[in-house]
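# Commentary on secondary and tertiary structure
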Amino acid sequence: SAVNNFKVAVLGSAGGIGQPLSLLCKTSDKITDLYCYDVAPVNPGVAADLSHINSRTKVYSGTGPEELDRVLDGADVVVIPAGVPRKPGMTRDDLFNTNASIVQTLIEGVAKSAPKSKVLIIANPVNSTVPIAAEVLKKAGVYNPMNLMGVTTLDVCRANTFIAENQKRDVNNENVTVIGGHAGITILPLLSQIPGAKFSEDEIAKLTHRIQFGGDEVVQAKAGGGSATLSMAYAGFRFTDRLLDALAGKSGVVECTFTENSITPAKFFSTPTKLGKDGAEEALPFGKLSAYEQEMFDKMLPDLQAQINKGVQFANK
């Protein structure tokens, strides 16, 4: 693709995350062609609705499995928010069987029709769905670790928001490093590395917990009406936008993302990552941890590894 002339496919475009994510993509001057795919009958209407917006991005829809190949053909970036949302009392694990199958099917399509595309996984549980995607791509002989990224940006967005509120600072200047995975205690914000911030031990514990379980806050507040969709769509778009910058040749683009790397003993791990024309080009070391962070790291690593293995086993059963 020429600079700022990208084709992006959103798989799951009619859902709670997919609709606002597609809306944000439609407003991007970097995306010339937006392909909206879903199995829901309302999907052609979502695309028609978006197509009336006066931005240069052209919108196309594909609805149902027989149209997946057409949607994926030639895509530079494929973003996957497809799947079922969390309801109160549900863990991300309860979602596992449904969403694991959905991701597997969609990635089989990617392997066939867009094997060189950059694939961004939003569908939860990310700690398991990214390894599933990797296994499916491996089986098809088209796996490139630089092309597959789990979107953990919402954890960074939440951290930036909560830290700015706590420190009474401008949120636009915050860029908190959040490492690990994308569920509960596997999410580890590195508050000790935030320049100029001061926290009591109590604040560190409370802020860390709120960043880890911010999703539950929204699930409860929506009272059965869904999970975090708008903030997730924003975070998904933010990461997509940053990746498009990198693909267009911008240098110095670094974002936290969940990829296969050798930074820790876990096969997949979210860490600041250099994005470039080849995708997730280099996972960067996350730096020195405080004693509290090291304790949390040691505690979460077995959980993260178990969730990764669960995905690998699902894909190979």
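Everything quoted here is computed from the prediction, not taken from an experiment.

## Focus on the pattern of salt bridges
What the rule picks out here adds up to 12 salt bridges. Salt bridges sharing common partners tie together Lys30, Asp241 and Asp245.

## Quick word on helix α9 (residues 230-247)
Between its terminal C-alpha atoms α9 stretches 25 Å, which fits the 26 Å expected from 18 residues at 1.5 Å a residue. Taken together, the buried positions of α9 are occupied by Met232, Ala233, Ala235, Gly236, Phe237, Phe239, Thr240, Leu243, Leu244, Asp245, Ala246 and Leu247. In the stretch just after α9, Gly249 is the one whose phi turns positive, near 105°.

## Here we look at the pairing of strand β11 (residues 279-283)
As judged from the four bridges shared by strand β10 (residues 268-276) and β11, these two strands associate in the antiparallel manner. Across the sheet, the residue bridging to Leu275 is Ala280, located in β11. Two successive antiparallel strands, β10 and β11, enclose a turn made up of two residues.

## Here we look at the packing of helix α4 (residues 96-113) against helix α5 (residues 126-139)
Running from N to C, α4 and α5 cross one another at 35°; their axes reach a closest spacing of 9 Å. Handedness of the crossing formed by α4 with α5: right-handed. Counting all contacts with α4, which are made through Phe96, Ala100, Val103, Gln104, Ile107, Glu108 and Ala111, the residues of α5 involved are Ser128, Thr129, Ile132, Ala133, Val136 and Leu137. Taken together, the residues that form the contact of α4 with α5 break down as nine nonpolar, three polar and one charged.

## A closer look at the nonpolar core
Residues Leu11, Ile80, Ile107, Ile121, Phe269 and Phe297 are the most contacted members of the largest nonpolar core, which totals 48 residues. Element by element, the count of residues in this core is highest for helix α10 (residues 291-316), at eight residues. Grouped together as the second largest cluster of nonpolar side chains are 36 residues, Met149, Ala228, Phe239 and Ala246 included.

What counts, and where the lines are drawn
Residues numbered from 1 in each chain as written. Predicted model: local features only at pLDDT ≥ 70, side-chain atom pairs only at ≥ 80, totals over all residues. Heavy atoms only, no water. Salt bridge = Lys/Arg side-chain N within 4 Å of Asp/Glu carboxyl O. Helix = DSSP H or I, 4+ residues; strand = E, 2+ residues; numbered from the N terminus. Expected span 1.5 Å × (residues − 1). Buried < 20%, exposed > 50% of the residue type's maximum accessible area, 1.4 Å probe, protein only. Pairing = 2+ DSSP bridges. Axes fitted to C-alpha atoms, helices over the stretch in contact; angles between N-to-C directions. Left-handed = near helix turned anticlockwise from the far one by under 90°. Contact = heavy atoms within 4.5 Å. Nonpolar A, V, L, I, M, F, W, Y, C, P; charged D, E, K, R; others polar. Core = buried A, V, L, I, M, F, W, Y, C linked by side-chain atoms within 4.5 Å.

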